[in-house]
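Working through the structure, step by step
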Amino acid sequence: MPTLIRRFERLDARLVATVMGTGVVVCLGFIELLRSPLQQLSRVTIELLAVRALLFLAPLLVSLLLLLRDGPLLLGGRRPPASWGPDLLASGLLSVVLLLYFMAAVIITASLMLNQGDGVAEVGFLIGQLEPARFAAALARAAAYGGICAAICLQQARRSASGEVGMASGMARSLRLGIGVMVCLDVLWTIVVDPLRMGGT
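Residues numbered from 1 in each chain as written. Predicted model: local features only at pLDDT ≥ 70, side-chain atom pairs only at ≥ 80, totals over all residues. Heavy atoms only, no water.

1. Quick word on the overall build of the chain
On a plain count of helices and strands, the chain comes out with 7 helices and 0 strands. Overall, the chain shows an N-to-C arrangement of helices and strands of α-α-α-α-α-α-α. Out of the 201 residues belonging to the chain, those deemed buried represent 38%. Long-range contacts, defined here as pairs at least 24 residues apart, represent 82% of the contacts in the chain between residues at least 6 apart. For the chain, the computed accessible surface area is about 10,200 Å², with 70% contributed by carbon and sulfur atoms. (Helix = DSSP H or I, 4+ residues; strand = E, 2+ residues; numbered from the N terminus. Buried < 20%, exposed > 50% of the residue type's maximum accessible area, 1.4 Å probe, protein only. Contact = heavy atoms within 4.5 Å. Areas by Shrake-Rupley, 256 points an atom, 1.4 Å probe, with all protein chains shown as cover.)

So this is what it looks like as structure tokens:
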């Protein structure tokens, strides 16, 4: 419990602002990216495609942001694997919370881009178009990715040398491993899980 409290105390306005700002920027970029090749589609359809695509990417993005922020903390001490549980749980829960902030920023940004007068109704429309199963899956993936990134950092802490050079080296390896593992899991999810779910509907 002390570890959970300590980690959640680090959920400050700066981290939330970073996550939400990333959501805004990525959403705007994604919408602009879709507009050129999909000019024949309506603006509403493009915004909806962007929101759904970013819901898939959100677990990886928020877990990576959390890794960048909390990686040095996790790399700061060498602990046996038996003591990792609270940090893994805290990282998973924090990733879920950050995903909610990220998607809130994405949905609000997309609704403002629609610019059809009633912002509240547009937000409600976009939320209503998110499939509950996919949203639940995104939350589960965020929790898993957060825990995996924390485990990678804690493992690297046991292997890295002490001092600033060792910390920098461990952080670089953690980033490479974290990104590689999450991308591979996303690919597996797309190939295996999504077709199974679609086949069952």
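2. Concerning the packing of aromatic side chains
The full count for this structure, using the stated rule, is 0 aromatic pairs. The cationic tip of R141 hangs over the ring face of F56; the distance from NZ or CZ to the ring centre is 4.5 Å. Seen from the ring of W189, R141 lies directly overhead, with NZ or CZ sitting 5.7 Å from the centre. (Phe/Tyr/Trp six-rings, centres within 6.5 Å; stacked < 30°, edge-to-face > 60°. Lys NZ or Arg CZ within 6 Å of the ring centre and 35° of its normal.)

3. As for the side chain of D87
Checked against the element boundaries, D87 lands in helix α4 (residues 85–114). For D87, a relative accessible area of 1% corresponds to the buried category.

4. A few points about helix α2 (residues 13–35)
The first and last C-alpha atoms of α2 sit 33 Å apart over 23 residues, in line with the 33 Å expected at 1.5 Å per residue. Of the positions making up α2, those classed as buried are L15, V16, V19, G23, C27, I31 and L34. (Expected span 1.5 Å × (residues − 1).)

5. Structural notes on helix α1 (residues 2–9)
Residues of α1 that are buried include every one of T3, L4 and R7, and no others. Each buried residue of α1 sits inside an arc of 100 degrees when the element is viewed along its axis, so together they form one side. Across from the buried face of α1, at angles greater than 90 degrees, the exposed residues are P2 and E9. (Arc of directions from axis to C-beta.)

6. Section: the nonpolar core
Ranked by internal contacts, the top residues of the largest apolar core, which has 28 residues, are V19, I31, V51, L99, F102, M103 and V106. Sorting the residues of this core by element identifies α2, α3 (43–74), α4 and α6 (132–159) as the ones contributing at least two each. Looking at this core element by element, the count peaks at 10 residues for α3. The residues contacting V51, other than those within four sequence positions of it, are M103, V106, I107, A110, L126 and L130. Grouped together as the second largest cluster of nonpolar side chains are 14 residues, L64, L74, Y145 and A150 included. (Core = buried A, V, L, I, M, F, W, Y, C linked by side-chain atoms within 4.5 Å.)

7. Remarks on a nonpolar patch on the surface
A cluster of nonpolar side chains, namely I179, V181, V183, L185, V187, L188, I191 and V192, defines an oily patch on the protein surface of about 610 Å² accessible area. Mapped onto the fold, I191 is located in helix α7 (residues 164–200). (Patch = residues over 30% accessible without salt bridge, like charges linked within 9 Å, V, L, I, M, F, W, Y side chains within 5 Å. Salt bridge = Lys/Arg side-chain N within 4 Å of Asp/Glu carboxyl O.)

None of the figures reported here should be taken as evidence of function without further support.
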